[in-house]
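So you can see what is in the structure, the chains are spelled out below.
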Amino acid sequence: MSKQVRVRFAPSPTGPLHIGGVRTALFNYLFAKKNNGVFFLRIEDTDQNRFVPGAEEYIMEALEWLGISPDETIGKNEKFGPYKQSERKHLYKQYADELINSGNAYYAFDTAEALDLHRKQHEEQGKTFIYNHHNREKLDTSLVISADETAKRIASGEDFVIRFKTPVAETLHLHDIIRGDVKFETSLLDDKVLFKSDGMPTYHLANIVDDHLMETSHVIRGEEWLPSMPLHVLLYRAFGWEAPEFAHLPLIMKPIGNGKLSKRDGDKMGFPVFPLDWKTEEGISSGYREKGFFPEAVVNFLALLGWNDGTEKELFTLQELISAFDLSRVHKSGAKFDPEKNKWFNHQYLIKQKDEDLAKAFLPILNEKGFSNTLEMTKLIKIVSLIKDRAHFVSEFWELSDFFFAAPTAYDEKASKNWKEETPFLMQSLISILEEIGEFSSMNIETIVKDWMTKNEIGMGKVMQPFRLSLVGALKGPHLFDIVELIGKEETINRIQKAIATL
Ligand code: GLU
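To start, this report covers the structure provided alongside it. (Residues numbered from 1 in each chain as written. Predicted model: local features only at pLDDT ≥ 70, side-chain atom pairs only at ≥ 80, totals over all residues. Heavy atoms only, no water.)

**Quick notes on the packing of aromatic side chains**
- One pass over the structure, following the stated rule, counts 26 aromatic pairs.
- Seen in terms of ring centroids, Tyr 95 and Trp 241 are 5.6 Å apart; in terms of plane orientation they differ by 70°. Their pairing is edge-to-face. On the criterion of sequence distance, the pair formed by Tyr 95 in helix 3 (residues 89-101) and Trp 241 in the loop between helix 7 (229-239) and strand 9 (245-249) is long-range, its members being 146 residues apart.
- Ring pairing ties together the aromatic residues Tyr 288, Phe 293, Phe 301, Trp 344, Phe 345 and Phe 393, which thus form one cluster.
- If you follow Arg 163 out to its NZ or CZ, it ends over the ring of Tyr 131, 3.6 Å from the centre.
- Directly above the aromatic system of Trp 344 lies the positively charged group of Lys 341, at a separation of 4.4 Å from the ring centroid. (Phe/Tyr/Trp six-rings, centres within 6.5 Å; stacked < 30°, edge-to-face > 60°. Helix = DSSP H or I, 4+ residues; strand = E, 2+ residues; numbered from the N terminus. Lys NZ or Arg CZ within 6 Å of the ring centre and 35° of its normal.)

This is how it looks when you write it as structure tokens:
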């Protein structure tokens, strides 16, 4: 590649960033880093009606949390700033004028009512009204009225828009890095609005002007923008600019069925589709961060939504993703979103964390349960190391470990049925054995207890099951002797006595 790679993520701040948008940002980031290029963030806020306060900050915070912050953006290395389109407003008019002067665009004065009427009349004849070469010369445009008249109407303050004059009957042979060769017939396109009399450009004009001025080398974006590709290429041509290369990423599909994953699916189906919580008056849309996902896990599973490195490898650090990433390996077909797999990824990252860090993350939960100040950190670290294999999230730690902190208050009903007539006697003997043990370590206790059972020909299940039931309240949990060591001799004996009295 001769030109410097410069790619952008260009969201419109119309709400929280959907997971599809995050994936677009990630693929741009990976592509930039892989090619020693620049990844920049541009806020496309030309549509003031759809502007949502807080969305811009949300986008920046989400990228930062994920560890994929842009190299250039608002307030950061503003080489081609401003990076927010509403602050570039003054720039666009001259480009719209340039297209008018070169005959590639025209003024249109049709009112909303007039356009509605055309639509209705077409419908009555079973047709669809499209503002294009078929009728642009029958409408209220500068293509049919004189230059003088046009100038007068504009000067008098009449509302107008500037539309692109799409070329007629041309087949565009374009190339998309992911989709390969794609063909478009220009006659099927409509004459899109580029500029409005309120002084604001539309998405199409602003996007092309900015990608040109900001020296974008590759446009990597969602498949929903593929239909805009011919217009964008025609705009570059009309300006006499070199177009960037294009890559349209596959859609992200619902976990079940064939539809596209929507913003509403998340809370409806019980999994997040947003990076961070998004609070509105109607409630909270939950985010990965607040649900306890590790950012590295989110980055990892998003990278595999529509891409793989050609092997079975699934676990990638960000660095590994950067070196393995290749746009030509992005799939064309939609990528199914699998919430269970996302949890699996989180588990993989959870077990990789340092026990000490996990213990620290567990502390606030223990605090809430009222147990944190009775605890030694070394013990807590040990507990975490014993249970983390069974957890997807730190939030599951309490349920997996509550018996380390307090004696059971109830005993599992089914397991209690194994509490036989001889059990109290066996448990009493077990207590005497435990009382005598000097070095109260998991291994030593296990050896002594098992020796005692062997010598007296006591079946394993006869002791081990009621023993576990007494300590845990159910037949679950990690290695029993590890639990015994951690809760200590006195507490172990107390719990057995309590079980004898209760069961
Ligand atoms: N502002 C557009 C969006 O919201 C950007 C599309 C593009 O990348 O060209 O997704």
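**Side note on the site of the ligand**
- The full set of residues close to the ligand is Arg 8, Ala 10, Ser 12, Glu 44, Tyr 203, Asn 207, Arg 221 and Trp 225.
- One nitrogen or oxygen atom from the side chain of Arg 8 is found 2.8 Å from an oxygen atom belonging to the ligand.
- Within the contact set of the ligand, a nitrogen atom lies 3.1 Å away from a side-chain nitrogen or oxygen of Ser 12.
- For the ligand, whose unbound accessible area comes to 300 Å², protein coverage reaches 84%.
- The residue makeup of the shell around the ligand, split by class, is three nonpolar, two polar and three charged. (Near = heavy atom within 4 Å. Polar contact = N/O pair within 3.5 Å; in protein donor to acceptor, adjacent residues only side chain to side chain. Areas by Shrake-Rupley, 256 points an atom, 1.4 Å probe, with all protein chains shown as cover. Nonpolar A, V, L, I, M, F, W, Y, C, P; charged D, E, K, R; others polar.)

**Quick look at the environment of Gly 370**
- Structurally, Gly 370 can be placed in the loop between helix 12 (355-369) and helix 13 (377-387).
- Taking the C-alpha atoms as reference, Gly 370 lies 10.0 Å from Phe 405; in sequence the two are 35 residues apart.

**Let's talk about the side chain of Thr 150**
- Here Thr 150 shows up in helix 5 (residues 147-155).
- Of the polar contacts made by the side chain of Thr 150, one reaches the backbone oxygen of Ser 146; its length is 2.8 Å.

**Considering unusual backbone geometry**
- The peptide bond linking Gly 81 to Pro 82 adopts the cis configuration, its omega dihedral lying at -10°.
- Turning to its location among the elements, Pro 82 is positioned in the loop between helix 2 (55-66) and helix 3.
- In this structure, Asn 36 is a non-glycine residue whose phi angle is positive, near 50°.
- One can find Asn 36 in the loop between helix 1 (19-34) and strand 2 (38-41).
- Using a relative accessible area of 69% as the deciding quantity, one classes Asn 36 as exposed.
- Positive phi, normally seen in glycine, also occurs at Asn 77, with a value near 40°.
- Residue position: Asn 77 is located in the loop between helix 2 and helix 3.
- For Asn 77, a relative accessible area of 53% translates into the label exposed. (Buried < 20%, exposed > 50% of the residue type's maximum accessible area, 1.4 Å probe, protein only.)

**Side note on the side chain of Lys 388**
- With respect to the helices and strands, Lys 388 occurs in the loop between helix 13 and helix 14 (397-405).
- Judged by relative accessible area, Lys 388 falls into the buried class, the value being 12%.
- There is a polar contact of 3.2 Å between the side chain of Lys 388 and the backbone oxygen of Ile 351.
- Apart from residues no more than four positions distant in its own chain, Lys 388 is found in contact with His 347, Leu 350, Ile 351, Gln 353, Asp 355, Leu 358 and Phe 397. (Contact = heavy atoms within 4.5 Å.)

**Overview of helix 19 (residues 480-487)**
- With seven of its eight residues buried, helix 19 lies for the most part within the structure.
- Every buried residue of helix 19 is accounted for by Leu 480, Phe 481, Asp 482, Ile 483, Val 484, Leu 486 and Ile 487.
- Taken together, the buried residues of helix 19 touch helix 13, helix 14, helix 17 (442-455), helix 18 (460-472) and helix 20 (489-502).
- Backbone geometry just downstream of helix 19 places Gly 488 in the positive-phi region, at approximately 90°.

**A short note on helix 16 (residues 423-436)**
- A rise of 1.5 Å per residue sets the reference length of helix 16, with its 14 residues, at 20 Å; its end C-alpha atoms lie 20 Å apart and thus fit the reference within 8%.
- Among all positions in helix 16, only Thr 423, Leu 426, Met 427, Ser 429, Leu 430, Ile 431, Ile 433 and Leu 434 are buried.
- Residues of helix 16 that are buried in the fold lie against helix 17, helix 18 and helix 20. (Expected span 1.5 Å × (residues − 1).)

**Remarks on the nonpolar core**
- Among the nonpolar cores identified, the biggest contains 107 residues, and Phe 362, Phe 404 and Leu 434 are the most heavily contacted of them.
- Here this core gets nine residues from one element, more than from any other, and that element is helix 1.
- Sequence-distant contacts of Leu 434, defined by excluding residues within four places in its chain, comprise Phe 440, Ile 445, Val 449, Phe 467, Lys 489, Thr 492, Ile 493 and Ile 496.
- Listed in part, the 34 residues of the second largest apolar core include Ala 105, Leu 205, Val 233 and Ala 238. (Core = buried A, V, L, I, M, F, W, Y, C linked by side-chain atoms within 4.5 Å.)

**Comments concerning the sheet that holds strand 4 (residues 161-164)**
- Within the open sheet, the three strands sit side by side as 3-4-7. Their pairing is antiparallel. The sheet is open, and its two borders are formed by strand 3 (105-108) and strand 7 (193-196), each paired with just one other strand. Ignoring strand direction, the axes of neighbouring strands in this sheet form an average angle of 25°.
- Pairing analysis gives four bridges linking strand 3 to strand 4, with the strands arranged antiparallel. (Pairing = 2+ DSSP bridges. Axes fitted to C-alpha atoms, helices over the stretch in contact; angles between N-to-C directions.)

These figures capture arrangement, not role.
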